[in-house]
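# Structural features, examined
This is what each chain is made of:
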Amino acid sequence: ELAPMQAILSRLGHAEAHVRRDAVAALQHLSEKGDELALSAMMPLLSDPDAHVREAVAATVRVVAKKGDQRALDAILPLVNDSHAGVRVQAIVAVRELAVRGDAKAVEAVANRLEPEEDPDSTVRQQAVQALKAIANRGCDRSISAVASRLEDQDSVSRRVAIVALSSLAEKGDVHVINMVLPWLEDESHKIRRKAFDTLAVLALKGDPQSLSAAIKGLQDSNHKVATSASYVIGTVALQGDETVLVALRKALTHEHKQVRVAAVAALGLVAVPGDRESTDAVASLLEDVSENTRIEATSALQALARPGKGNRRVVKSLVGRIQHQDPMVRQAIVGALGSIAERGNDVATTALESVLETDTDADVWWMAVQALMGLTTPEEGRLSNTVARRLNDPAVTMRRLAVSALKELAEQGCKNSAFALTEMAVAHLEDSDSFVRYEALQSLSDLGRIGGAAWTAARAQMTRVVVAVASRLGDDDAEVREAAIATMCMWSKGDWTGDCSPATGAAVSAECMAEAVKRLADARPEIRVVALGAIESLLPLTDAKIDLAPLLKGLADPDPDVRAAGLSAAGVAIKGLTDSADVSVIRDQIVTLLASDPATEVRCAALDALAASTEANDAASCASIVVAASALEDSEPDVRAAAAEAMCTLSQGEGGCARGFAVDAVAARLNHADAGVRKGAVEALRELGAAEDTLNSKSPRDKEHLKWPQQPPVVRVPSDDTIQSGELSPCTAEHAKAVEVLMAHLGDADPQVRRDAVAALGELAYRGDAGAVEALAPRLADAEAG
């Protein structure tokens, strides 16, 4: 990697100037920021006899050196006074990049290019001004003086750059600098006039009469960009209610150029007092402006001009009168303004917004009207829900989507009085041809079940109808809709609202949801049967009724492997709720049978997951299940062997450690299997078991400290039997030690992949300072075959 750099560095001393210059330029691409080697190598070339080389060095140092690198900065500063203009430009740019703000030495060096004697090159002067703007502190007299000297520069660009720089260098309200800028408001160059107004907007204090007078005059400038900048000065400097300023701004609202009108109406919104009728009428007239930006800015200004109480009725009236504007962007702005300005209960605004919901076809406008009406009406009134209901049957899919989303918003508001009506709307659209509408309708029903509360107890028939309608979506063609149906059924079975509902009602609804899910197991489509079993699995923890084994057994016997896998997942949940030992045996026997004989890999993996999920750790069943899971370590599929390792890890976790020792023994027996794949799976299982045991053993003093290099490494990792018996370590430490011991014994396996995995597992489980592990690993350093 150093070869290219060395090759370039060797050419820095080349006899040909163009070679030295190109070598310096190449360092920009080869060097990292702060590369001391490159910087040191370039320093002698700062005094190179060739100007182009010096110029290249200044440009490259700027790129390579870090900001604040004083050594690099000190080396560059002399080049600010170089005889060659190109070198001076690059040196000044480098100073701008490297010097920290307030560096007096750098400021003085750069300012000397502007006064007392100006640099003959205009580019140098411009770069000097830009550099002072970047490195000098605000209020620095030396910088202000140097930059101000350029206001009389013969080059117009230099004058413009100087005016802009003063806005960054002078303190706000600096009368001396403001007086320097004012004459340039009448310069023959419109670019300079504009920059002078921009600087004035930054420096002038609020209410400054001199600046305001100049800005009012600037509104009449022949150049629209200058007039626009003058408007910004007024918006920033003028005091609210200044009638002289208001008259000038209202006149500017009729300016021929749209950019001036936009700036003037924005300024008017800032300066006019809320409720100012003359200003309100003038701004309202711009709602019909030919410019879209002007219309939108006028709407914003009207919001600023409105005031609470009777004073805003005039603004509301102006907005309502234009709510059917042909431009959707303007309609959206007007609707948003009404939502902000009108008070709750304002019938004029509410009626106008309802008309938007009835007729408008623009999605953004329509949704803005929904949000506005939510602020102006209460759910109890039902005005918004009734209007939304009518658009739910719109032939346009887009409008139905918006309407059902609005329905969901209303449901989330949580009004119990309107829960029944909203539920009817949502149920009616569960059969919509658009999947998004069906999905949002289900989401609404989920919220409505929560907010209905005790009212549902007296409406059992409607609740049953809702459950049936929701369950019908378990067979939906869209996967997201099916998932939403499951979630909604769970919400209605036993959600937050059941505390307000009678126990009998809650139990009945749970039973109905389960019955509807079971019905879907007869569907001819496998993916629907999978969804049905997913619903059953989700509903099982929510029901208090006795679990019916028939649907579960049906799922476990399904001809489709995905359905059998889903049935196993549900069985793992169901078995925890079974109280009859005979029922438990039936389910467990089915799980074991599928694990042993099912031809589908995913089913055997699911059987292992179900086995792990259905067994409490450390009881007799755990050990029996570990034997079954261990047999899967001999499976021909790697995925099944990995699932077996995870299942054994889950089954062996607990406080006593008995099952864990049983698991380690069961796995160790597979390390002598003839099949290398089985041995590889056994190594992975040992790693899982050892890692899980160590996590559980919170009493072990090795848990945290010994994972780092301690001051005094422990001589031996494995604790003695005396240590275990004394209670200093919990008994499960012995199982961890046994896992490590078994791994060490199999580091010489005939299969290189098994050896590699065993080394990796031992590296993860053994602690620093374990003499036995170090000794066992040492021969493997020469194991080229295993990598």
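Residues numbered from 1 in each chain as written. Predicted model: local features only at pLDDT ≥ 70, side-chain atom pairs only at ≥ 80, totals over all residues. Heavy atoms only, no water.

### Digging into the overall build of the protein chain
On a plain count of helices and strands, the protein chain comes out with 42 helices and zero strands. Here the protein chain holds 787 residues, and 52% of them are scored as buried. A separation of at least 24 residues holds for 68% of the contacts in the protein chain among residues at least 6 apart in sequence. Working note: accessible area of the protein chain is about 34500 Å², and carbon and sulfur atoms make up 52% of it. (Helix = DSSP H or I, 4+ residues; strand = E, 2+ residues; numbered from the N terminus. Buried < 20%, exposed > 50% of the residue type's maximum accessible area, 1.4 Å probe, protein only. Contact = heavy atoms within 4.5 Å. Areas by Shrake-Rupley, 256 points an atom, 1.4 Å probe, with all protein chains shown as cover.)

### Some details on the side chain of arginine 261
When you line up the elements, arginine 261 lands in helix 16 (residues 258-271). At 3.3 Å, the side chain of arginine 261 forms a polar contact with the backbone oxygen of glutamate 256. Excluding its chain neighbours within four sequence positions, the residues that come into contact with arginine 261 are Ala252, Leu253, Thr254, His255, Glu256, Asp289, Val290, Ser291 and Thr294. (Polar contact = N/O pair within 3.5 Å; in protein donor to acceptor, adjacent residues only side chain to side chain.)

### Some thoughts on the pattern of salt bridges
Inspection of the entire model under this criterion finds 47 salt bridges. The partner of arginine 520 in a salt bridge is glutamate 516, and the shortest N-O contact between them spans 2.9 Å. When the shortest N-O distance is used, the salt bridge between glutamate 764 and arginine 687 registers 3.0 Å. Note that glutamate 764 is positioned in helix 41 (residues 752-765) and arginine 687 in helix 38 (residues 676-696), a separation of 77 residues in sequence. With relative accessibility at 42%, the residue glutamate 764 sits in the partly exposed group. Counted as one network, the salt bridges with shared partners bring together Glu118, Arg125, Arg150 and Asp153. (Salt bridge = Lys/Arg side-chain N within 4 Å of Asp/Glu carboxyl O.)

### Concerning helix 31 (residues 549-556)
Residues spaced three or four apart along an α-helix point in a common direction, a consequence of the helix completing one turn every 3.6 residues. All of the buried residues in helix 31 are Leu549, Pro551, Leu552, Gly555 and Leu556. In a view along the axis of helix 31, the buried residues occupy a sector of 165°, so they form one face of it. Of the residues that open helix 31, the one with a side-chain oxygen 3.1 Å from the backbone nitrogen of alanine 550 is aspartate 548. (Arc of directions from axis to C-beta.)

### Quick notes on the side chain of arginine 641
Here arginine 641 shows up in helix 36 (residues 638-651). Once residues lying within four places of it in the same chain are set aside, the contact partners of arginine 641 are Ala632, Leu633, Asp635, Ser636, Gly677, Val678 and Gly681.

### Focus: helix 16
Along its 14 residues, helix 16 runs 20 Å from first to last C-alpha, staying within 8% of the 20 Å computed at 1.5 Å per residue. For helix 16, the set of buried residues is Val260, Arg261, Ala263, Ala264, Val265, Ala267, Leu268, Gly269 and Val271. If you follow the buried residues of helix 16, they end up packed against helix 14 (224-237), helix 15 (243-252), helix 17 (277-285) and helix 18 (292-305). (Expected span 1.5 Å × (residues − 1).)

### Description of the packing of helix 14 against helix 16
How two helices pack is summed up by the angle between their axes together with the distance between the axes. Packing of helix 14 against helix 16 leaves a shortest axis separation of 9 Å and a crossing angle of 5°. Viewed along their axes, helix 14 and helix 16 adopt a mutual orientation that is roughly parallel. Judged by residue contacts, His224, Ala227, Thr228, Ser231, Tyr232, Ile234 and Gly235 of helix 14 engage Gln259, Val260, Ala263, Ala264, Ala267, Leu270 and Val271 from helix 16. Taken together, the residues of the contact of helix 14 with helix 16 break down into nine nonpolar, five polar and no charged. (Axes fitted to C-alpha atoms, helices over the stretch in contact; angles between N-to-C directions. Parallel < 35°, antiparallel > 145°, perpendicular 65-115°, else oblique. Nonpolar A, V, L, I, M, F, W, Y, C, P; charged D, E, K, R; others polar.)

### Digging into a positive patch on the surface
A grouping of Lys67, Arg101, Arg138, Lys172 and Lys206 is seen on the molecular surface, where their side chains present a positively charged patch. Here lysine 67 shows up in the loop between helix 4 (51-64) and helix 5 (70-76). (Patch = residues over 30% accessible without salt bridge, like charges linked within 9 Å, V, L, I, M, F, W, Y side chains within 5 Å. Lys, Arg positive; Asp, Glu negative; His and termini not counted. Charge placed at Lys NZ, Arg CZ, Asp CG, Glu CD.)

### Remarks on unusual backbone geometry
With the exception of glycine, the majority of residues adopt a negative phi angle, and the majority of peptide bonds are in the trans configuration. In this structure, the amide linkage connecting glutamate 115 to the following residue, proline 116, adopts the cis form with an omega of 10°. Tracing the sequence through the fold places proline 116 in the loop between helix 7 (104-111) and helix 8 (122-135).

### Observations regarding the packing of helix 33 (residues 581-597) against helix 34 (residues 601-614)
Between helix 33 and helix 34, the shortest axis-to-axis distance is 8 Å and the interhelical angle comes to 145°. Note on packing geometry: the crossing formed by helix 33 with helix 34 is left-handed. Counted together, Arg588, Ile591, Leu594 and Leu595 of helix 33 and Val603, Arg604, Ala607, Leu608, Ala610, Leu611 and Ser614 of helix 34 form the full contact between these two elements. For the contact of helix 33 with helix 34, the per-class residue count stands at eight nonpolar, one polar and two charged. (Left-handed = near helix turned anticlockwise from the far one by under 90°.)

### Considering the environment of alanine 644
Tracing the sequence through the fold places alanine 644 in helix 36. Classification of alanine 644 as buried rests on a relative accessible area of 0%. Distance in space between the C-alpha atoms of alanine 644 and isoleucine 626 is 9.1 Å, their sequence separation being 18 residues. Not counting residues within four places of it along the chain, the set of residues in contact with alanine 644 comprises Leu608, Ala629, Ala632 and Leu633.

### What to know about the confidence of the model for the protein chain
Interpretation of the predicted coordinates at a detailed level should be avoided for regions scoring low in pLDDT. Per-residue confidence for the protein chain averages 84 on the pLDDT scale, and 87% of its residues sit at or above 70. Looking across the protein chain, the model is least confident in helix 39 (residues 721-725), with a mean pLDDT of 41, and most confident in helix 6 (residues 85-98), with 97. In the model, residues 495-499 has pLDDT below 50 throughout and makes eleven contacts with residues more than four positions away in sequence or in other chains. When the criterion is pLDDT under 50, residues 695-732 qualifies, and its contacts beyond four places in sequence or with other chains add up to 49 contacts. (pLDDT = per-residue confidence, 0-100.)

### Looking at the environment of alanine 517
Here alanine 517 lies in helix 29 (residues 503-519). By relative accessible area, which is 0% here, alanine 517 ends up buried. Sequence separation between alanine 517 and isoleucine 536 is 19 residues, and the spatial gap between their C-alpha atoms is 6.3 Å. In contact with alanine 517, not counting residues within four places along its chain, are Leu474, Met489, Ala532, Ala535, Ile536 and Leu539.

### Observations regarding the environment of alanine 136
Along the chain, the position of alanine 136 falls in the loop between helix 8 and helix 9 (141-148). C-alpha separation for the pair alanine 136 and valine 107, spaced 29 residues apart in sequence, amounts to 6.4 Å.

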